[in-house]
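Read off the chains here:
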Amino acid sequence: MTLRFTKGHGTQNDFVLLADTRGDLGLTADQVRCLTDRRAGVGADGVIRLVPTAAIARAGEEVADRVLAEEPEAIWFMDYRNADGSVAQMCGNGVRVFAAFAEHLGLADLTTGELVLGTRAGVRRVRRDPDGWYAVDMGAWALPGGQDAVESGADSQVLVAGWPTPRPALSVDLGNPHTVVALPEVDDLTAADLTQVPQVDPRPVEGTNVELVVPLAEGTDAAGRPVGRVRMRVHERGVGETLSCGTGACAAALAVRTWAGHGSAQVPDVWEVEVPGGRVRVTVLPDGHVELAGPAELVFTGEVDLH
Ligand SMILES: N[C@@H](CCC[C@H](N)C(=O)O)C(=O)O
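Residues numbered from 1 in each chain as written. Predicted model: local features only at pLDDT ≥ 70, side-chain atom pairs only at ≥ 80, totals over all residues.

**Considerations on the UniProt feature "active site" (unreviewed entry) in the protein chain**
The sites that carry the UniProt feature "active site" (unreviewed entry) are, in the present numbering, Cys91 and Cys245. Look at the named residues: they lie 155 residues apart in sequence, but the longest C-alpha span between them is just 7.6 Å, so in the fold they bunch up. Structurally, the position occupied by cysteine 91 is in the loop between β4 (76–82) and α4 (92–104). Judged by local crowding, cysteine 91 falls into the buried class, with 30 C-beta atoms found within 10 Å. If we skip the residues at most four places from it in the chain, cysteine 91 touches Gly46, Tyr80, Gly246 and Thr247. Along the polypeptide, cysteine 245 turns up in the loop between β14 (240–242) and α7 (246–259). Judged by C-beta crowding, with 36 C-beta atoms within 10 Å, cysteine 245 ranks as buried. If sequence neighbours within four positions are ignored, cysteine 245 has contacts with Asn13, Asn93, Asn209, Val234 and Glu236. (UniProt positions renumbered as here; feature names shortened; annotations may be inferred. Helix = DSSP H or I, 4+ residues; strand = E, 2+ residues; numbered from the N terminus. Buried ≥ 20, exposed ≤ 12 C-beta atoms within 10 Å, placed from the backbone. Contact = placed C-beta atoms within 7 Å.)

**A look at the nonpolar core**
One finds Val213, Ala249, Cys250 and Ala252 to be the most contacted residues of the largest nonpolar core, which totals 81 residues. The dominant element in this core, judged by the number of residues it contributes, is α7, at eight residues. Of the residues that make up this core, three or more belong to each of domain 1 (2–140) and domain 2 (146–285). (Core = buried A, V, L, I, M, F, W, Y, C linked by C-beta atoms within 7 Å. Domains from an automatic or database assignment.)

**Points about the site of the ligand**
Every one of the 18 residues lining the ligand counts as a neighbour, but Ala88, Asn93, Asn176, Gly246 and Thr247 are closest to it. Where the shell around the ligand is concerned, the elements lending two or more residues are α4 and α7. A per-class count over the shell around the ligand returns four nonpolar, twelve polar and two charged. Both of domain 1 (2–140) and domain 2 (146–285) provide at least three residues apiece to the shell around the ligand. (Near = placed C-beta within 6 Å. Nonpolar A, V, L, I, M, F, W, Y, C, P; charged D, E, K, R; others polar.)

In C-alpha cells form, the structure reads like this:
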C-alpha cells in the first residue's frame, strides 16, 4: 500500500501526519512502527491520523460520540499513536502540528477563527497568534494524588538509571498521564540517563510519561507580570526520550507551580518551559484549564510503501 504523508514537528517532537479524510485507513500498530522507524521508515516520535470524528465514532470509540455531543463543530479527530504502536489519549505538540496540517490541507482557516477538534482526551481548541505560534486550550488538568499530594508535594517515587535512590514525584493528569520529578541543578538534568525506562512506584497500570524538571529564575513579560521558568527533559511512554512533550511541559509547569504553593499572589500563572528542542509557553487559566503555546512546523511531504 502506498501512503501519502507529511512530516512535521513541534519543538522537535516529530510526527508522521496522515490525512485519512474518508476514515477508511485501518492503521495497524505494525504499520505505525514501520512509519516511525528512524532507519527503515520515515522516522518520528509518533503518527497523527487526521480522520473524521464520525469515523472514530463508527469504529466504536465512545469518546468520539462525547466529542460530537459537546461540540458538533469538532468534525476532525486527532488519532494519535506512539512510535511503539500504542494509542495515546493526547499529544500537546501534536495538536499544534495537527492544526498546521489541517490548514495545509485546506480543512481549517486559523486566520479567521479557531480550529475545534476531537481527541481521546476530549475537545481541544486551537488558535494561531499574531507571532505565528499556535495556542491550544488543553482542557482541565488534575492532580490524581489529591490534597495529600498537594501538601506533601509527592504521591510516588521515580528511579532513573544511575541514581542511587528514587526521588519523590508528583502525578499530573493532562488527559494522558505524567509523573514529574524535581532536580536541584541543571547539571543533574543534563547528566540524567534517560536511555532506559524510569521506574515509577507505585507502577501506573497504563504507564506514564516522566518529566525531570529544574525550576529556573523567574522572569517578567512585556507588561511586567512574573513569568515562571522551568527546564525539562522527558521520557515519553511508548517512545523513549524525546526532544519535547507538550502535555509534559504543562505537567512540568503545573507541578512546579504546585510545589511553589499556587494560589499565593507571587506564584506566576505563565510559565516558559525550556526543552531540548526549543521553548513553549504554558498558561494556567482561571477556569481550571491550561493553555499550551508554541511553534508548529510542516517539513516535507512524500509517499511511503507500507507492507
Ligand atoms: N509528545 C506528546 C505526548 C505523546 C503521548 C505520550 N507519549 C503518551 O503516551 O501519553 C505531547 O507533546 O504531549
